[in-house]
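Each chain is listed here by its residues.
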Amino acid sequence: MDYVVEMLNIRKEFPGVLANDNITFILRKGEIHALLGENGAGKSTLMGILFGMYQPDSGIIRMYGKEVHISNPNVANALGIGMVHQHFKLVHNFTITENIILGMEPKTGLTIDIKSAAKRIKELSERYKLNVDPDAKIEDVSVGVQQRVEILKMLYRNAEVLILDEPTAVLTPQEVNELMNIMKSLAAEGKSIILITHKLKEIKAVADRCTVIRRGKLVGTVDVAAADESQLAEMMVGRQVSFKVDKQEKEPGEVILKVENLSVLSNRKVLGLKNFSLEVHAGEIVGIAGVDGNGQSELVEAITGLKRVESGRILLKGQDITNMPVRSRIRSGIAHIPEDRHKRGLVLDYTIADNMVIEIYDQFPFSQKGLLNKDSIRSYAEKIMNNFDVRAGQGADSAARSLSGGNQQKAIVGREIELNPELLIAVQPTRGLDVGSIEYIHKRLVDQRDKGKAVLLVSLELDEILNLSDRIAVVNNGELVGIVNASNTNENEIGLMMAGIKKGVEA
Amino acid sequence: MKLRFRIHLPKTTIVSLLAVVFGLIAGAILILATGNNPFEGYSYLFRGGLMNIERVGNTLATSTPLILAGLSVAFAFRTGLFNIGAAGQMLFGGFCATAVGLTLNWPKAIILPVMMIAAITGGALWALIPGILKARFNVHEVVSTIMMNWISYWVIYYIIPAYFKGSYLETESRQLPHGASLKADWLTHLFGGSYINLGIFIAVAAVVATAFILDRTVMGYELKAVGLNRYAAEYAGINVNRNIVLSMMIAGALAGLGGATLYTGNALSMQIGVMPSQGFDGIAVSLLGSNSPVGVLGAAIFFGILYSGKGFMNAMTRIPPEIADTIIATIIYFAATSVLIERALGWLKQRKRGA
Amino acid sequence: MWTIIQQIFPYAVAFTIPLLITALGGLFSERSGIVNIGLDGLMVVGSFAGALTIYKLQPMMPKGAVWVGLLAAMAAGLLFSLLHAFACINLNANQVISGTAINMIAYALTIFLARNVTGSGNIHIVSGLVRKDVPLLSSVPVIGKLFFSQTYATTWLVLLILVLSWFVIYKTAFGLRLRACGEHPHAADSAGVNVYGVRYIGVMISGAFSGLGGAIILVTYSGEFTGNVAGLGFLALASLIFGQWKPLGILAATFFFGFASTIANVSQVLPALAAIPGVILKVFPYAVTLIALVIFSKSSQAPRAAGEPFEHGKR
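Computed from a prediction, not measured in an experiment: that's the story for all the values here. (Residues numbered from 1 in each chain as written. Chains lettered and ligands numbered in written order. Predicted model: local features only at pLDDT ≥ 70, side-chain atom pairs only at ≥ 80, totals over all residues.)

**Examining the overall build of chain A**
Check the secondary structure of chain A and you find 17 helices and 24 strands. The C-alpha atoms of chain A give a radius of gyration of 24 Å, which matches the 23 Å a tight globule of 507 residues would have. Across the 507 residues of chain A, 47% fall into the buried class. Taking as baseline every contact in chain A between residues at least 6 positions apart, the subset at least 24 positions apart corresponds to 66%. (Helix = DSSP H or I, 4+ residues; strand = E, 2+ residues; numbered from the N terminus. Rg over C-alpha atoms; globule rule 2.2 N^0.38 Å. Buried ≥ 20, exposed ≤ 12 C-beta atoms within 10 Å, placed from the backbone. Contact = placed C-beta atoms within 7 Å.)

**With respect to the overall build of chain B**
Looking only at helices and strands, chain B has 15 helices and 0 strands in total. Of all 355 residues assigned to chain B, the portion counted as buried reaches 59%. Residue pairs at least 24 apart in sequence account for 78% of intrachain contacts in chain B once pairs closer than 6 positions are excluded.

**Regarding the environment of Leu232(A)**
Residues and elements named next belong to chain A. Among the structural elements, leucine 232 can be located in helix α8 (residues 229–237). Through-space distance from the C-alpha of leucine 232 to that of arginine 444 is 26 Å; in sequence the pair is 212 residues apart. Residues contacting leucine 232, with those up to four places away along its chain left out, are Leu36, Leu200, Ile203, Cys210, Val212 and Ala227.

**Some thoughts on helix α3 (residues 65–90) of chain C**
Taking 1.5 Å per residue, 26 residues should reach 38 Å; α3(C) reaches 37 Å between its end C-alpha atoms and fits that length. Just past α3(C), the residue Asn92(C) takes up positive phi, approximately 50 degrees. (Expected span 1.5 Å × (residues − 1).)

**Here we look at the pairing of strand β11 (residues 209–214) of chain A**
All names here are of chain A. Bridge count between strand β3 (residues 32–36) and β11: 4 bridges; the pairing is parallel. Counterpart to leucine 35 in the pairing with β11 is threonine 211. Direction of pairing for β11 relative to strand β12 (residues 217–223): antiparallel, over a ladder of 6 bridges. What sits directly across from cysteine 210, in β12, is valine 222. (Pairing = 2+ DSSP bridges.)

**What about the interface of chain A and chain B?**
Contacts between chain A and chain B engage 22 residues on the former and 14 residues on the latter. Of all the secondary structure elements, the ones that give two or more residues to the side of chain A that touches chain B are α10 (326–332), α11 (341–345) and β20 (371–372) of chain A. When its residues are assigned to classes, the side of chain A that touches chain B shows 13 nonpolar, 3 polar and 6 charged. (Nonpolar A, V, L, I, M, F, W, Y, C, P; charged D, E, K, R; others polar.)

**Quick look at the interface of chain C and chain B**
On the chain B side, the residues contacting the 37 residues of chain C number 32 residues. Breaking the side of chain C that touches chain B down by element, the ones donating at least two residues are α3, α4 (95–117), α10 (232–242) and α13 (278–297) of chain C. In terms of residue count, α4(C) provides more of the side of chain C that touches chain B than any other element does, 14 residues in total. Of the residues belonging to the side of chain C that touches chain B, the class tally is 26 nonpolar, 9 polar and 2 charged.

**Observations concerning the packing of helix α1 (residues 2–32) of chain C against α10(C)**
Residue and element names in this part refer to chain C. Close contact between α1 and α10 brings their axes to 8 Å; oriented N to C, the two are set at 60 degrees. With respect to each other, α1 and α10 are oriented oblique. Here the hand of the crossing between α1 and α10 comes out right-handed. Here Pro18, Leu19, Thr22, Ala23, Gly26, Leu27 and Glu30 of α1 lie close against α10, whose contacting residues are Leu232, Gly233, Leu235, Ala236, Leu237, Ser239 and Leu240. Looking at the contact of α1 with α10, its residues break down into 9 nonpolar, 4 polar and 1 charged. (Axes fitted to C-alpha atoms, helices over the stretch in contact; angles between N-to-C directions. Parallel < 35°, antiparallel > 145°, perpendicular 65-115°, else oblique. Left-handed = near helix turned anticlockwise from the far one by under 90°.)

**Structural notes on the nonpolar core**
One finds Leu423(A), Ile425(A), Leu457(A), Met115(B), Leu254(B), Leu257(B) and Ile332(B) to be the most contacted residues of the largest nonpolar core, which totals 290 residues. Setting aside its immediate chain neighbours within four residues, Leu254(B) contacts Leu68(B), Leu71(B), Ser72(B), Phe75(B) and Ala206(B). With 81 residues, the next largest nonpolar core counts Ile70(A), Leu79(A), Val84(A) and Leu162(A) among its residues. (Core = buried A, V, L, I, M, F, W, Y, C linked by C-beta atoms within 7 Å.)

**Considerations on the confidence of the model for chain B**
For chain B, mean pLDDT is 87; residues scoring 70 or higher make up 93% of the total. Model confidence for the complex: the whole-complex pTM is 0.84, and ipTM, which rates the interface, is 0.84. (pLDDT = per-residue confidence, 0-100.)

Structural data, given as structure tokens:
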């Protein structure tokens, strides 16, 4: 049995958290090996060690039977290990060629030999069917192309072991299939691939074996063919997990949100949302499905007032709010669980208490005549923390920064729901959370719907959309592709729509 | 976080105190290196600031503009902005107060408040431009406030000789009459002839007011939120641009007030061609005071002692007075690199636990 | 009009060159990702080191003392900048505060030390550099008189450094890595680039260049160390932003400031300009900088990661 990589009894501790606790991971030549675990389980840390970004506190690594010390990414590269990170490590204003050769630039004399580099890249891209234009700047190409550049970076360095960290988060289902084909052909050529993921479907589709990690500890390594999804899920979480959400049938009520022919500019001064129209009724969840960057952010920012509208209207319960300031929209009944809880959702250096009133601090009883009433603020925050299971070291006086991601998100969800809005907008509400928190938040969202609220759910996780939504609107390139009922559609159909192919048309 | 000393102090205070200690040690080494006796030097330095009631008064007077400049920088910093322009705001605010004092002939009880209002307005106006540039165009306030410093410098350079020329020197304005200055006879007598004046009361009142605004008011809540995370503030409906401008204006107002204490209290005239160093010392004071109003008060008084005493030290030994500036600068370096001190503290804690 | 330009030109150049070299230093630092507002203090350190060296050496070696002094200034600036580098790179201190601390220490320390040498704290050097004509080129009509007559040797040194800097930043591997560290240090880190090392080099270059800038002022038009460089270091910073972090842009920006300041200084003497109120001319460079900052704010080419602390291994 030829083992390409052996990571034996690896232990790694960061301040406050034991990321890897005595983990053993073995990679065979030519296999696709999935590394499965919840968010925060320790998968990225383990691979970071393999790639030389961190040093293990104890344990050894062997390659082809020989012990190695991987002290930095250069050493990893020299050993033939390459990594594609979840957040791309590409310099925005460099060309594709410059990004690929960074760190091992071919030289003639003192200058960089750009020409020979571009030539080699073209050869590689043709051989592995990863088509790119070597002279294009990264900021000008699509996310899918950027990912190909990351893979080319590894191949340029003659990597034999390829680590892919959550590669499919940014791809349509069709692009995911393409990626899986690329992975299979690379494996067939003798490359060994480690796939870090928490997506069970993909593991079943492409992996040979799967190692499961939970809370820093190794749970086990299984043959994928022999295990089914619910087994893998149980290993990952430690208990039975049901993915279905309990949803009663409900008759939707009046129209709460009406978006009419909305066009919004993106950050790059072109139209990010084009002529978009949608209605959300009371007592329903409408999910927006689409690949990241196809207009969802622009839609949410326009509705919440964070971005100007170029043309079209937004109506809340019949009232035109298209040009209303943010605070007025909040008062009119819109609540927003933002995409990025650290950027928009919380002031991390404020206490939980101060964060819980960030939209209402200027109202009685939280303040009077310009002076804050700290006691009222604190008891309000404690109420939310109780109702929404938010755990923090020092209660409402804890700094928001000190809470775990899951608790931070629950606090935000609690704050927004406590506003008792007519329209609740939830963007990526469970990103980066452990399964327990995900279940909890899903329940609360359905709860709001059952209470007769209108919920607009934007998510990149197709499963989440399919599970929770009553209706699904698919967006591609800023345009509405179609709206379907969740009950009579499937992932394949949505996937095609996400790629721009309208319902009823042959792919 | 508390350390197990006899006194419980917040971590930032300990860091500041240690920075002071390290700065003093560095100063001592420097004094030694130039062939002088550090103990002698420091003894004269501190006695120079505190030895008798007159000197205490002088120390308080020296501290007064430092307190206000420090508050200015601290306030801006708490709300997310670097106010390097305190010097220019002090100049302009001080000028506005001086201009009113030299022009209007009103009784002291009326003209003094008017002068202070003029100073506040002048300082606020001077900070308005960097504030708007930051809010609307995201121009970094470090560069814009430095530019405003030089503009202020040259405006004063030309305007004083043109309209307020002193009778003795080309480079100085007319003297303010006693009835339009912050000087108060009873105070001067109380402190044995020192140049202490009403400015110290203004400064302390400003400390209280700043602390109150930051901690207890809705306005303070909004300003801090914008400073800590403008995206979250925007998301919650807080008007970010308005608050950035407001914050700079308040910072400018505080600095302007500091200028008034400097030019209508400590001194009675303005000199052209001099950029008030207190403006930059305000940055040091704010840093050392951990950007809190009470900390600023403490740090400013400490600096006041050093500045007040350095002349005495220079007279009694051969140590150049710039040692005080060097010590202060070194303290700032240590305060800026407080991580080092924090790590050392953490390492000490580990040793205690493990051993 | 032309004669006015001819007359002012050498003075404008003399003012521009120290600004240019300092701004180039700032360029290397910021391109690597470290904001350095301590350029002014580093210039003062260079001015001090240069003055002290020349003061001591000139009696012994009148010919070469100036050049040794310039070298000493570069060394002093480089060493002093290590304070900033250590604070920002190893300790992740706030870079603006550290730069401010550098300025404060520089002003205070240099005067303190200078007072121990000469009681007043000013160090006067007997002779600096002499203006010379460039052989051959100065005879060329029109531009010969303008560009190649009565120039300082340091002018050509700095222009050479400018060309080399452009080459290094855009054509060499080091330059690519430098720019990567300033735009996306994590990308550079995972490509195996030693981000800490590159940033140290960037800051040290800014120290050496700024020190040289301060010393050039000393040996060309000032003649003595006075404890400050009239805020030129901050003007260099503004030039860096004005020039959009590009060597040629910086050349244009510093030249503009050189000309504007010189015009302001000589306005009394020239009848055409004497009519403009002095305050307008003095304030002009600063006001224009503000306007330029506004104009360039939308399309700012600032290195994206400049000012942000970098920790190896943090995702």
